[in-house]
Amino acid sequence: MGEGPSYDDIQRISAFILMRTEHRPKLGIVCGSGLGGLGELVEDANVIPYNEIPMFPASTVPGHMGKLVFGILKGKTVVLMRGRFHNYEGYPMWKTTIPIRVMKALGVQTLFLTNAAGGLNPNFNVGDIMIIRDHIDLPGLTGECVLRGANDERFGPRFLATVDTYDRELSELAKSAATELGLHEILREGTYIMIGGPTFETVAESKLLRNFGGDAVGMSTVAESIVGRHMGMRVFGMSLITDMCSLSYDEKKCTTHQDVLAIGEKRAGDLQKLASLIVEKMTL
Ligand SMILES: O=P(O)(O)O[C@@H]1C[C@H](O)[C@@H](CO)O1
């Protein structure tokens, strides 16, 4: 892969993991900042810390535990990442998505991504949940696409169409799950813009991102979606709006990672209920 992990590396990591668990998941879930509590709901769990997995990066961000959890969630066999990797931690884009390539090698067909994000759409509120309808790969547009480098066709095509990145059927299913739970009033749908981070946005940057068409901004997810689609996975994504970005100098708010984690904790119950019902309703 040039800049990426080799196909053989991914097979080796997957073979190691298959020796550590008897679960054979078809669904992979990535937990965003402060959203790892879903892992507690997994039954018959086999937990593998990232530092025991060959070639796996280390989780360095508070709110990301650094563990793979295999087990049963709402009757479905899943693998759940309690902690993801971010480019701002110093990992090249391709490295942040090693676990997604490994999931595919393990047999995962559907990828369920979650994240914490800042709201850009003025109609959003802190605590809302946004279904990702589309994304803007800002690093990709400026030359840091996760698929940069030599392409191994065994993973996927050199040139990837991305117009259908997020699965419409799963989005509709999520909407009906939210309605069933009485969460429809806080459910949104929109475009997630990925920035490199780790700085939160200036007012001028937030205005720019909003003018670009972003409804929410974050520092992850897009590379994972692209790699998932590169390997033919079905992708669904959901953002918890943990703060509202300042679009005016009169309302300058200083977001901190602690605020992000605090909202994650506060909204954990609803998010877990919604994610669980989506998983229960999914056909794998
Ligand atoms: O992993 P996610 O995208 O949920 O994490 C967000 C983006 C930054 O890593 C961090 C900022 O608080 O939360």
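Refer to the structure above for everything that follows.
Since we're looking at a predicted model, the values are computed, not measured.

## Overview of the overall build of the protein
Then step 1. Looking only at helices and strands, the protein has 8 helices and 9 strands in total.
Then step 2. Relative to a compact globule of 284 residues, whose C-alpha radius of gyration would be 19 Å, the protein shows 18 Å and is just as compact.
Then step 3. A principal-axis box enclosing the C-alpha atoms of the protein has dimensions of 55 × 40 × 30 Å.
Then step 4. Within the protein, buried positions represent 55% of all 284 residues.
Then step 5. Within the protein, residue pairs in contact and separated by at least 24 positions form 82% of the contacts whose partners lie at least 6 positions apart.
Then step 6. By element, 51% of the accessible surface of the protein is carried by carbon and sulfur atoms, the whole surface being about 11900 Å².

## Some details on the packing of aromatic side chains
By convention here, two paired aromatic rings are described through the distance between centres and the angle between planes.
Then step 1. Across all of its chains, the model carries 6 aromatic pairs by this definition.
Then step 2. Judged by centre distance (6.1 Å) and plane angle (80 degrees), the rings of phenylalanine 56 and phenylalanine 85 are edge-to-face. You can see phenylalanine 56 sitting in the loop between strand E2 (43–49) and strand E3 (67–73) and its partner phenylalanine 85 sitting in the loop between strand E4 (76–82) and helix H2 (93–96), a full 29 residues away along the chain.
Then step 3. Overall, phenylalanine 56 belongs to the buried group, its relative accessible area being 11%.

## What about the pairing of E3?
Then step 1. With 5 of its 7 residues buried, E3 lies for the most part within the structure.
Then step 2. Strand direction decides the pairing type here: E2 and E3, joined by 5 bridges, are antiparallel. Paired with glutamate 43 across the two strands is isoleucine 72, which belongs to E3.
Then step 3. The sheet contact formed by E3 and E4 spans 7 bridges and is antiparallel. What sits directly across from valine 69, in E4, is leucine 80.

## Notes on the site of the ligand
Then step 1. Near the ligand you find 13 residues, and of these Ser33, His86, Tyr88, Ser220 and His257 are the closest.
Then step 2. At 3.5 Å, a side-chain N or O of histidine 64 approaches an oxygen atom of the ligand.
Then step 3. Across the shell around the ligand, the residue classes break down as 5 nonpolar, 7 polar and 1 charged.

## Description of the nonpolar core
Then step 1. Grouped together as the largest cluster of nonpolar side chains are 43 residues, with contacts concentrated most on Ile17, Ile53, Phe56, Leu68, Val102, Met103 and Leu111.
Then step 2. Per-element tally for this core: the top contributor is helix H3 (residues 98–106), with 5 residues.
Then step 3. Other than its neighbours up to four places away in sequence, methionine 103 contacts Gly28, Ile29, Val30, Val79, Met81, Val108, Leu111 and Met233.
Then step 4. Counting residues in each nonpolar core, the second largest holds 31 residues, with Leu27, Leu73, Phe236 and Leu240 among its members.

## Quick look at the environment of glutamate 144
Then step 1. In this structure, glutamate 144 sits in helix H4 (residues 138–144).
Then step 2. Overall, glutamate 144 belongs to the partly exposed group, its relative accessible area being 42%.
Then step 3. Those residues within four positions of glutamate 144 in sequence are excluded, and the remaining contacts are Met93 and Pro139.

## Digging into the side chain of serine 14
Then step 1. Among the secondary structure elements, serine 14 is positioned in helix H1 (residues 7–20).
Then step 2. Residues within four places of serine 14 in sequence aside, it is in contact with Val102, Ala105 and Leu106.

## Quick look at the pairing of strand E9 (residues 234–244)
Then step 1. Among the 11 residues that make up E9, 10 are buried, leaving the element largely enclosed by the rest of the structure.
Then step 2. Pairing of strand E5 (residues 110–119) with E9 involves 10 bridges; the strand directions are parallel. When the sheet's bridge partners are listed, alanine 117 is paired in E9 with isoleucine 241.
Then step 3. By the bridge criterion, 3 bridges tie strand E6 (residues 129–137) to E9 in an arrangement that is antiparallel. Bridge pairing links methionine 130 to serine 239 in E9.

The rules we used
Residues numbered from 1 in each chain as written. Predicted model: local features only at pLDDT ≥ 70, side-chain atom pairs only at ≥ 80, totals over all residues. Heavy atoms only, no water. Helix = DSSP H or I, 4+ residues; strand = E, 2+ residues; numbered from the N terminus. Rg over C-alpha atoms; globule rule 2.2 N^0.38 Å. Buried < 20%, exposed > 50% of the residue type's maximum accessible area, 1.4 Å probe, protein only. Contact = heavy atoms within 4.5 Å. Areas by Shrake-Rupley, 256 points an atom, 1.4 Å probe, with all protein chains shown as cover. Phe/Tyr/Trp six-rings, centres within 6.5 Å; stacked < 30°, edge-to-face > 60°. Pairing = 2+ DSSP bridges. Near = heavy atom within 4 Å. Polar contact = N/O pair within 3.5 Å; in protein donor to acceptor, adjacent residues only side chain to side chain. Nonpolar A, V, L, I, M, F, W, Y, C, P; charged D, E, K, R; others polar. Core = buried A, V, L, I, M, F, W, Y, C linked by side-chain atoms within 4.5 Å.

All we've got here are geometric facts, nothing functional implied.
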